[in-house]
Amino acid sequence: MAVFTRDAIMNDSADETVLRKVEAKIARIGRNAHGVIYGSITVMALLLALGHGSDGPVETAVILFGSIFAIVLAEAFAKISSDAVQTRHSFGWSEIKKGWHHSAPTLAAVTVPTVLILVAAPGLYSLDTGVALAQAAAIGLLAIYGYSIGWVIYGRVFPSLMHGAFTGTIGCGLAGVKYLLH
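This structure is a prediction, so every number in the text was calculated from the model and none was measured.

Draft legend 1. A look at unusual backbone geometry. Even without being glycine, Arg88 reaches a positive phi, approximately 60°. Inspection of the secondary structure assignment puts Arg88 in the loop between helix 3 (57-87) and helix 4 (93-118).

Draft legend 2. Structural view of the pattern of salt bridges. Following the criterion strictly, the structure yields 1 salt bridge and no others. Across the pair Lys79 and Asp83 runs a salt bridge, and its minimum N-O distance is 3.0 Å. On the criterion of helical spacing, the pair formed by Lys79 and Asp83 is a turn pair, its members being 4 residues apart in helix 3.

Draft legend 3. Expanded view of the packing of aromatic side chains. Taken as a whole, this structure holds 2 aromatic pairs when the rule is applied. With centroids separated by 6.1 Å and ring planes inclined at 80°, the aromatic side chains of Phe77 and Phe91 adopt a geometry described as edge-to-face. You can see Phe77 sitting in helix 3 and its partner Phe91 sitting in the loop between helix 3 and helix 4, a full 14 residues away along the chain.

Draft legend 4. Local environment of the confidence of the model for the protein. On average, residues of the protein carry a pLDDT of 83, and 86% of them reach 70 or more. When the elements of the protein are averaged for pLDDT, helix 1 (residues 6-10) gives the smallest value, 54, and helix 5 (residues 127-154) the largest, 90.

Draft legend 5. A look at a nonpolar patch on the surface. A grouping of Phe77, Phe91, Trp93 and Ile96 is seen on the molecular surface, where their side chains present a nonpolar patch of about 470 Å² in accessible area. Mapping Trp93 onto the fold places it in helix 4.

Draft legend 6. The arrangement of helix 3 in detail. In this model helix 3 runs 45 Å from its N-terminal to its C-terminal C-alpha over 31 residues, within 8% of the 45 Å that 1.5 Å per residue would give. Turning to helix 3, its buried residues are Pro57, Thr60, Ala61, Leu64, Ile68, Val72, Ala76, Ile80 and Ala84. In the segment just after helix 3, Arg88 is the residue with positive phi, at about 60°.

Draft legend 7. Main features of the packing of helix 5 against helix 6 (residues 157-181). With their axes 7 Å apart at the nearest point, helix 5 and helix 6 run at an angle of 155° to one another. Classified by the interaxial angle, the pair formed by helix 5 and helix 6 is roughly antiparallel. Helix-helix and strand crossings are classified by hand; for helix 5 and helix 6 the assignment is right-handed. Class assignment for the residues of the contact of helix 5 with helix 6 results in 16 nonpolar, 9 polar and 2 charged.

Definitions and cut-offs
Residues numbered from 1 in each chain as written. Predicted model: local features only at pLDDT ≥ 70, side-chain atom pairs only at ≥ 80, totals over all residues. Heavy atoms only, no water. Helix = DSSP H or I, 4+ residues; strand = E, 2+ residues; numbered from the N terminus. Salt bridge = Lys/Arg side-chain N within 4 Å of Asp/Glu carboxyl O. Phe/Tyr/Trp six-rings, centres within 6.5 Å; stacked < 30°, edge-to-face > 60°. pLDDT = per-residue confidence, 0-100. Patch = residues over 30% accessible without salt bridge, like charges linked within 9 Å, V, L, I, M, F, W, Y side chains within 5 Å. Areas by Shrake-Rupley, 256 points an atom, 1.4 Å probe, with all protein chains shown as cover. Expected span 1.5 Å × (residues − 1). Buried < 20%, exposed > 50% of the residue type's maximum accessible area, 1.4 Å probe, protein only. Axes fitted to C-alpha atoms, helices over the stretch in contact; angles between N-to-C directions. Parallel < 35°, antiparallel > 145°, perpendicular 65-115°, else oblique. Left-handed = near helix turned anticlockwise from the far one by under 90°. Nonpolar A, V, L, I, M, F, W, Y, C, P; charged D, E, K, R; others polar.

As structure tokens, then:
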């Protein structure tokens, strides 16, 4: 039985370039992991808090994206302000730009669920279907990023799959609670 690890794959020099490109992409995923995981779990939490079909698709999408946008701005501004207090230096555009780059993955994570809910507005499917698709997208992001983090940490398929499954289970649990409550 073949064992797939980073080191085993790296032994084949023909695949070395491809593997380096894949690892560069995984490293980029690692840099964005905090924001994407934070955003996906926040999507699930906000969808949990929203009533079942209480608003239309547009209102639900605006509430979802707007709430997470406000949370992201609050987090970024709090971090920038805290850093300024600790260093006793005022902050400028470079700190604001750094805060924005830190926040961008979180906003990216909420974009797909928001669009999936908005697509319900013209009647292509119901709001309930839109919410379910939004949850599935958030759970999918959690699982993908969980797997990627597992690969970076362990460098083996099975532990990476377990890490992805565990991370995706967080979203599944939140989705389950929503459907129990609403």
